[in-house]
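Read off the chains here:
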Amino acid sequence: QVQLLESGGGLVQPGGSLRLSCAASGFTFSTYRMSWYRQAPGKERELVARITGVGGNTNYADSVKGRFTISRDNAKKTVYLQMNSLKPDDTAVYYCNADPIVYSSSRIVYWGQGTQVTVSS
């Protein structure tokens, strides 16, 4: 059974920090590109950050660049999102995504259930 279980969300004041975790099981984690997406009320889901499985290359949305850091631990089958200098606009449900980056009929992309991050004073 494939699972992506997010944790680490919560309420934080502006300027504060949180670290999100996504624990994966049921697939070959190390070969998958892992991403964090987020969705705020009334808005479309947007890509926040991603990290490749092969080379560990990262990229970020412009809105979080310099504040957020994505990392992965293949031994623990976990991807992290360190969020610093949080802003109210960062408030959203954050989702973990796993993509094999294989364009075939067997390609399956997995999503977690999400974890709520609220940035408010």
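Higher on the page you've got the structure.
Just so it is clear, the model here is predicted, and its values are computed rather than measured.

*Asks:* Is there a simple way to think about the state of the cysteines in this case?
*Replies:* Linking two cysteines covalently via their sulfur atoms produces the bond known as a disulfide. Taken as a whole and judged by the stated rule, the model has 1 disulfide. Two residues share a disulfide in this structure: Cys-22 and Cys-96, whose sulfurs sit 2.1 Å from each other. Between Cys-22 and Cys-96, the S-S dihedral sits near -85°, and the bridge is therefore left-handed. Placement of Cys-22 in strand β3 (residues 18-25) and of Cys-96 in strand β9 (residues 92-99) is noted, with a sequence separation of 74 residues between them. Taken as a pair, Cys-22 and Cys-96 share a single burial class, namely buried.

*Asks:* Please clarify how the sheet that holds β3 should be interpreted in this entry.
*Replies:* Backbone-to-backbone hydrogen bonds join strands into a sheet, with any given pair of strands oriented parallel or antiparallel. On the basis of which strands lie adjacent, the open sheet formed by 4 strands has the order β1-β3-β8-β7 and antiparallel pairing. Both edges of this open sheet fall to β1 (3-7) and β7 (68-73), since each of them pairs with a single strand only. The mean angle between the axes of side-by-side strands here comes to 15°, regardless of whether they run parallel or antiparallel. Pairing between β7 and strand β8 (residues 78-83): 6 bridges, direction antiparallel. If you follow Phe-68 over to β8, its bridge partner there is Met-83.

*Asks:* Just to check I follow, could you spell out the pattern of salt bridges for this structure?
*Replies:* When the charged atoms of two side chains lie near each other, side chains of opposite charge can form a pair. Considering all chains together, one arrives at 6 salt bridges under this definition. The salt bridge partner of Asp-99 is Arg-33, with a shortest N-O separation of 3.5 Å. Here the residue Asp-99 occupies a position in strand β9, and Arg-33 occupies one in strand β4 (residues 33-39), the gap between them amounting to 66 residues. Of the two residues examined, Asp-99 and Arg-33, each falls in the buried class. The exposure class assigned to Asp-99 is buried, which follows from its relative accessible area of 5%. Here the salt bridges share partners, and the residues they tie into one network are Arg-38, Glu-46, Arg-67 and Asp-90.

*Asks:* Is there a simple way to explain the packing of aromatic side chains in this structure?
*Replies:* To describe a pair of aromatic rings, one takes the distance between the centres and the angle between the planes. Taken as a whole and assessed by the stated rule, the structure comprises 5 aromatic pairs. Ring centres of Phe-27 and Phe-29 lie 6.4 Å apart, and the angle between their planes is 50°; on these two criteria the pair is classed as tilted. Judged on exposure class, the residue Phe-27 and its partner Phe-29 are both buried. Site record: aromatic cluster; members linked through ring pairs are Phe-27, Phe-29, Tyr-32 and Tyr-110. It is Arg-45 that lies over the ring of Trp-111; its NZ or CZ is 4.8 Å from the centre. Its guanidinium or amino end placed over the ring of Tyr-103, Arg-107 lies 4.4 Å from that ring's centre, counting from NZ or CZ.

Conventions used here
Residues numbered from 1 in each chain as written. Predicted model: local features only at pLDDT ≥ 70, side-chain atom pairs only at ≥ 80, totals over all residues. Heavy atoms only, no water. Disulfide = S-S within 2.5 Å. Helix = DSSP H or I, 4+ residues; strand = E, 2+ residues; numbered from the N terminus. Buried < 20%, exposed > 50% of the residue type's maximum accessible area, 1.4 Å probe, protein only. Pairing = 2+ DSSP bridges. Axes fitted to C-alpha atoms, helices over the stretch in contact; angles between N-to-C directions. Salt bridge = Lys/Arg side-chain N within 4 Å of Asp/Glu carboxyl O. Phe/Tyr/Trp six-rings, centres within 6.5 Å; stacked < 30°, edge-to-face > 60°. Lys NZ or Arg CZ within 6 Å of the ring centre and 35° of its normal.

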